[in-house]
Amino acid sequence: MMKGVHFLAIVALLSLASSFVSAFDPSPLQDICVAIDDPKSAVFVNGKFCKDLKDTKADDFYFSGLQIPGNTDNRVGSNVTTVNVDQIPGLNTLGISLVRIDYAPYGQNPPHIHPRATEILVVVEGTLLVGFVTSNPENRLFTKVLKKGDVFVFPIGLIHFQFNAEKTNAVAFAGLSSQNAGVITIANAVFGSNPPINSDVLAKAFQLDKNIIKDLQKKF
């Protein structure tokens, strides 16, 4: 009987430990870990391939170009310039990245999610209507009109958007709590998947005529 109790206690402890491990990313165990593609030229530290410290240089932590406006001549009227670990290899293991977002008059950064990051956005030019929606079943919308210098936070994994409701350009910068936050634009993912999602599935999900769904899929 005692052996059985001990076994159950061990199982419980392992289960508890597993929940802690899956809930948090490990903290870096070294000052820097510049990402490198070729493991032959790297040192394996803290589960990552890192450039050897003696080969690391200041340019591994540097990016130039965020002063340049992005091209907003597209169907949504916005452009996102991303600065993540692909642009700055020194961001590896540091858990942060940055974007510049340019908005044409009445342009938008359409509803999307970042699966791996919370976002904090600051408006540096213009006016933006922003918002996010909480998860089921409430699906509560939090929305705000932001002016120059205003800041807004979009929680990790929640659908959010920005819309330039003015006839002048707008610019914002956003920090993200991941070196590679990822992005899933809702309309693109649903109507532009490869291969396409069955139109009967989408027609029922959105309570729309199947022909409307097919027309939407052609646009994405």
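The structure this text deals with has already been given above.
Residues numbered from 1 in each chain as written. Predicted model: local features only at pLDDT ≥ 70, side-chain atom pairs only at ≥ 80, totals over all residues. Heavy atoms only, no water.

Novice: Explain the state of the cysteines to me, please; I cannot follow it from the model alone.
Specialist: Cysteine pairs can be covalently joined through their sulfur atoms, and such a bond is termed a disulfide. In total, this model carries one disulfide according to the counting rule given. Sulfur-sulfur distance for the disulfide between C33 and C50 comes to 1.9 Å. Handedness here is read from the sign of the S-S torsion; for C33 and C50, about -80°, the answer is left-handed. Residue C33 is located in the loop between helix 1 (2-23) and strand 1 (42-45), and its partner C50 is located in strand 2 (residues 48-51); the two are separated by 17 residues in the primary sequence. Across the pair, C50 and C33 agree in class, each one buried. (Disulfide = S-S within 2.5 Å. Helix = DSSP H or I, 4+ residues; strand = E, 2+ residues; numbered from the N terminus. Buried < 20%, exposed > 50% of the residue type's maximum accessible area, 1.4 Å probe, protein only.)

Novice: Would you mind showing me how to read the sheet that holds strand 4 (residues 97-103) here?
Specialist: Across a sheet, paired strands are connected by hydrogen bonds in the backbone, their directions being either parallel or antiparallel. Strand order across the open sheet formed by five strands is 3-4-11-6-9, with antiparallel pairing between neighbours. What marks the edges here is a single partner per strand, and that holds for strand 3 (78-83) and strand 9 (151-154). Mean inter-strand twist for the sheet, computed between neighbouring axes without regard to direction, equals 20°. Two strands pair when backbone bridges link them, and strand 6 (residues 119-125) and strand 9 are joined in this way by four bridges, in the antiparallel orientation. Looking at the pairing, E119 lines up with F154 of strand 9. (Pairing = 2+ DSSP bridges. Axes fitted to C-alpha atoms, helices over the stretch in contact; angles between N-to-C directions.)

Novice: I'm lost on the packing of aromatic side chains in this one. Help?
Specialist: Aromatic ring pairs are described here by two measures, namely the spacing of the ring centres and the angle between the planes. Going through the model one piece at a time under the given rule, you end up with five aromatic pairs. Ring plane angle 50° and centroid distance 6.1 Å describe the contact between F132 and F152, whose orientation is recorded as tilted. Linking F132 in strand 7 (residues 128-133) with F152 in strand 9, this pair joins segments that are 20 residues apart in sequence. The pair F132 / F152 is uniform in exposure class, with both members buried. Aromatic ring contacts, followed pair by pair, group F132, F142, F152 and F154 into a single cluster. (Phe/Tyr/Trp six-rings, centres within 6.5 Å; stacked < 30°, edge-to-face > 60°.)

Novice: How do you make sense of the environment of A165 when you look at a structure like this?
Specialist: The residue A165 is located in the loop between strand 10 (159-163) and strand 11 (170-176) in this model. Looking at A165, the relative accessible area reads 39%, which means it is partly exposed. Leave out the neighbours within four places in its chain, and A165 touches Y106 and T127. (Contact = heavy atoms within 4.5 Å.)

Novice: Please clarify how the pairing of strand 5 (residues 108-113) should be interpreted in this entry.
Specialist: In summary, the side chains of a regular strand alternate between the two faces of the sheet. Direction of pairing for strand 5 relative to strand 10: antiparallel, over a ladder of three bridges. Residue pairing for strand 10: N109 is matched across the bridge by Q162. Relative to strand 12 (residues 184-185), strand 5 is paired through two bridges, and the arrangement is antiparallel. Each residue of the ladder has a partner; that of H112, found in strand 12, is T185.

Novice: How should I be thinking about the environment of L91 in this particular structure?
Specialist: Relative to the elements of secondary structure, L91 occurs in the loop between strand 3 and strand 4. A relative accessible area of 10% places L91 in the buried class. For the pair L91 and Q179, spaced 88 residues apart in sequence, the C-alpha separation works out to 6.1 Å. Dropping the residues within four chain positions of it, L91 is found in contact with V83, N84, V85, I96, S97 and Q179.

Novice: Help me understand the nonpolar core in this model?
Specialist: Ranked by size, the top nonpolar core spans 18 residues in total, and within it Y103, L121, L128, V130, L146, F152 and F154 carry the most contacts. Contributions of two or more residues to this core are made by strand 4, strand 6, strand 7, strand 9 and strand 11. Of the residues forming this core, the biggest block, four residues, is contributed by strand 11. Contact partners of L146, with chain neighbours within four places excluded, come to L121, V123, G126, T127, L128, V130, V151 and F152. (Core = buried A, V, L, I, M, F, W, Y, C linked by side-chain atoms within 4.5 Å.)

Novice: Could you clarify how one ought to interpret the pattern of salt bridges in this entry?
Specialist: Opposite charge on two side chains allows them to pair when their charged atoms are near. All told, the structure shown has seven salt bridges when counted by the stated rule. Ionic pairing is found between D60 and K57, a salt bridge with its closest N-O pair at 3.7 Å. For K57, a relative accessible area of 44% corresponds to the partly exposed category. Put simply, D215 and K219 hold a salt bridge, and the shortest N to O gap is 3.7 Å. In this pair, D215 and K219 both sit in helix 4 (residues 210-219), four residues apart, roughly one turn of the helix. D215 sits in the partly exposed class, given a relative accessible area of 37%. (Salt bridge = Lys/Arg side-chain N within 4 Å of Asp/Glu carboxyl O.)

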